[in-house]
Every structure is written in C-alpha cells, then in structure tokens.
2 protein chains.
Amino acid sequence: MGNSRDDVLRTALEILHRYGLADLSMRRLAAELGVRPSALYWHFPNKQSLLTAMADEVLGRVGPGSARMRWDHRIERVATDMRAALLRVTDGAELVSAGQASGLSTTTVGDYLTDAARHGGLSDRDANATRTAVCQLVIGLTMEQQTRAQMERIGAAEPSDRDFDTEFADGLALILDGARHRRATGH
Amino acid sequence: MGNSRDDVLRTALEILHRYGLADLSMRRLAAELGVRPSALYWHFPNKQSLLTAMADEVLGRVGPGSARMRWDHRIERVATDMRAALLRVTDGAELVSAGQASGLSTTTVGDYLTDAARHGGLSDRDANATRTAVCQLVIGLTMEQQTRAQMERIGAAEPSDRDFDTEFADGLALILDGARHRRATGH
DNA sequence: ACCTGAACACCGTTCAAGT
DNA sequence: ACCTGAACACCGTTCAAGT
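Everything in this summary refers to the structure shown in the same document. (Residues numbered from 1 in each chain as written. Chains lettered and ligands numbered in written order. Predicted model: local features only at pLDDT ≥ 70, side-chain atom pairs only at ≥ 80, totals over all residues. Heavy atoms only, no water.)

## A look at the protein's contact with DNA strand D
Here is step 1: Around DNA strand D sit 15 residues in total, of which N3(A), R36(A), S38(A), W42(A) and R27(B) are the nearest.
Here is step 2: For DNA strand D, the fraction of protein-proximal atoms (within 4 Å) that sit in sugar or phosphate groups is 55%.
Here is step 3: Contact between DNA strand D and N3(A): a phosphate oxygen at 2.8 Å from a main-chain N or O atom of the residue.
Here is step 4: Within the backbone of R36(A), a nitrogen or oxygen atom sits 2.6 Å from a phosphate oxygen of DNA strand D.
Here is step 5: Of all elements in the fold, only α3 (40–43) of chain A together with α2 (26–33) of chain B reach the threshold of two or more residues within the surface near DNA strand D.
Here is step 6: Each residue belonging to the surface near DNA strand D can be placed in one class, and the counts come to 5 nonpolar, 7 polar and 3 charged. (Near = heavy atom within 4 Å. Polar contact = N/O pair within 3.5 Å; in protein donor to acceptor, adjacent residues only side chain to side chain. Helix = DSSP H or I, 4+ residues; strand = E, 2+ residues; numbered from the N terminus. Nonpolar A, V, L, I, M, F, W, Y, C, P; charged D, E, K, R; others polar.)

## Topic: the relation of the copies chain A and chain B
Here is step 1: The operation relating chain A to chain B is a screw motion whose rotation component is 180 degrees, with 0.0 Å of axial translation and a residual RMSD of 0.0 Å. On the angle and the small slide along the axis, the relation comes out as a two-fold axis. Relative to the rotation axis, the closest C-alpha in chain A is found at G178(A), a distance of 1.8 Å.
Here is step 2: When the interface residues of chain A are mapped onto chain B, 100% of them again lie at the interface, so the same face is used by both copies. (Least-squares fit on C-alpha atoms with pLDDT ≥ 70 in both. Contact = heavy atoms within 4.5 Å.)

## Notes on the packing of aromatic side chains
Here is step 1: Across all of its chains, the model carries 0 aromatic pairs over all chains by this definition.
Here is step 2: When the ring centre of Y19(A) is taken as reference, the NZ or CZ atom of R28(A) above it lies at 4.1 Å. (Phe/Tyr/Trp six-rings, centres within 6.5 Å; stacked < 30°, edge-to-face > 60°. Lys NZ or Arg CZ within 6 Å of the ring centre and 35° of its normal.)

And the structure:
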C-alpha cells in the first residue's frame, strides 16, 4: 500500500509541529513514512512546493470573517485568527513567510483583509496598504516570537520579558487608526 | 599571512552580494579565502554569528536622522534609509530578518524609530508600536521584493507587475497616519 | 594567532529500473 | 500508481595537531 500526497503532507506537518522546521528534511520525512527519500519526488516536485502546500494548509482554516461586522472589527478578527493559526504550529510563521516570499502561496487571507477594508469605504490603494501593513506585522512579529521560543527551548537565549500579544495588539491598533483616518479624509 | 576576522566578514559580504544568501556556505567562503572550512571557526563560533555580524554591517550605515526634522518626517527618513540599506545587498532583507528573529542582532535602527516617535510626543507604548509596525513593514516587504527578484533571475517565476516602492510608501504613510492620530488624541 | 587533516553526521535531487 | 537503488554534489561542525 502506497502513500498518497495527503499522507506525505500530513506527516510533514506532524514533524514540523513536533520538532520544528529545522528538523524537517526530505530524508527524515521519508524515514517517518517508511520510504526512501526519492519516493517523495513522486508526490512533490521539490521541497519548496511541499513547504508551500504546508503553508497553505496552516492558513487554510482562517475564515473571511462575518460581513455583518464593522469593517475595522473584521480586519481585527481576520488578523487575530491569522496570528492564532501561525501560533498553532511550531515555526508556523517562518513557514508562511518563506511561502509568501517565494510568491507560490495562494494567500487568500490577504484578500480577506483587502475586501474588508474596501467594504469599509477605503480606496483600492488604501485597502491594499492596510493589507500589506497588517500581513507584515502578523507574520514578522509572530516569527520573532516563535524563533525566540525555539531558541529558549534549546538554551541559546535566556527568556525575554517581551509580551508579544500586547505588541501585536498595539501595532494592529495603530495601523487600524491609520486606516480609519484614511477613510475619514476620503484619500 | 593569516586572515583577520574582518577579512572573513568582508569576503562573506562579497559572496552574498554576488551570488545571494543560498550560495553563502562556510565551505565556499573558506575556498574564497584560500583556507579550509575549519579555519573559519577560529574567527566565528558558528555560521549564525557570522550572519548576525553581516546583518549588523548592512544596517550599520543607517543614521538616526536629524533631530531638527519634524518627528514624522524623521521616521519616514530612517525607514526609507533602512529600506535602501537592505536593497543595497542581495538578500539583505532575508539576512536581517534572520538576525532579528534570532534576537542576536543589535538593532539600533529600531531605537532611532522609537526615539523619533517619543520626541514627537507619543507615549512609550505608542512609540514602540510605531517602531514595530515600521520595522516589520520594511523588512517583510523588502524581503518579498528581493526573493521575487531572485526567483525571476533563476527563471522560477515570471516578472510581476508589482511596484514595491509604492507599496512601501503607502504602507508607511498609513502607519504614520496612525501614529499622528495617536499623538493628537493623547493615547 | 591562525590554520590543516580527517572525520562525523548530515543535506536535496535525479533517474533508470522495479512492482 | 508508487517505490527502490545508487549515485551526485553538496552541507555545518568538531578537534587534535601543526606552525
């Protein structure tokens, strides 16, 4: 009985969650599946495409938010959900960051943000700026948090006293203030 | 005649600029210096510390901006200089992102942003939120731009029509609107 | 102060061939 | 449809020993 593409993907996510991104090698993944490394290349053309599929899986459960909410609350909700999704998996932010940078990820969650801003009355340009600022904040700050956590676990850094949840909330509130101001002034 | 720590650092930056981060291996760096890989470990305890030193070098030329400028113009200036510094070297943003995430980088440029915001009358908390939002935008968006450029160079992606300079300017303007609003309302 | 030699324990990827 | 076998061209790091 052979493995399906989905078996590979699921096992990869398990390794990621248990041991982190640095320990997710094609060779180790193959071993976990009871198969030779070369077998993986029947399911995915290369490691990058596997990582992209994993990133899409991690962000896949983030919803668009309710259209009945106020537009700014909706952005807040999507951003918070996105952050929670990244935090749910070890090194989730780094994974998504790599996928985003490579441009291969289908980042529907970014579109949710743009849509919410546009429904709030922002121009296309302002809506896009909001999306960009929010996405970079979520991914970048969460990546810092998870990398820090990983280093503390190894003992390569002493525990810091930073409160990432508050830093995130403050940064998001600042951006939303900017977005509301843009809406008020027309453009 | 032996190599100094500075020779190693300078050669590493040359390789980075000419071939990108993926091609910067300890073995290749050693070859370029005419030395065995193990020799590098006399100068740096490991690769990560070399990368951190490189990141500090890349951001080292970014100044604090003039204290005589308006606070928001000053933030704009520092952020723009930072972006320019990252763009000056191949994969500069990814390098700095890794250093920042690891927490080993001495990121004085972040302090310039916080200081400027505080001088503008923002609370410590708002000043910090401004710094966070700006830093994540600069690093994240520039990383996207450079990764995309690298992939187009290899032929792994067709040229996109995105205008990163405009995206950056718009995102920064939005954040600064938020910061100015915070100042006006007191907190 | 700076480097060699030799080793250890790994990587991603290709491709003909097998079932 | 899915996998093996074997190979290619690499990695970072350690450590005793050399000059």
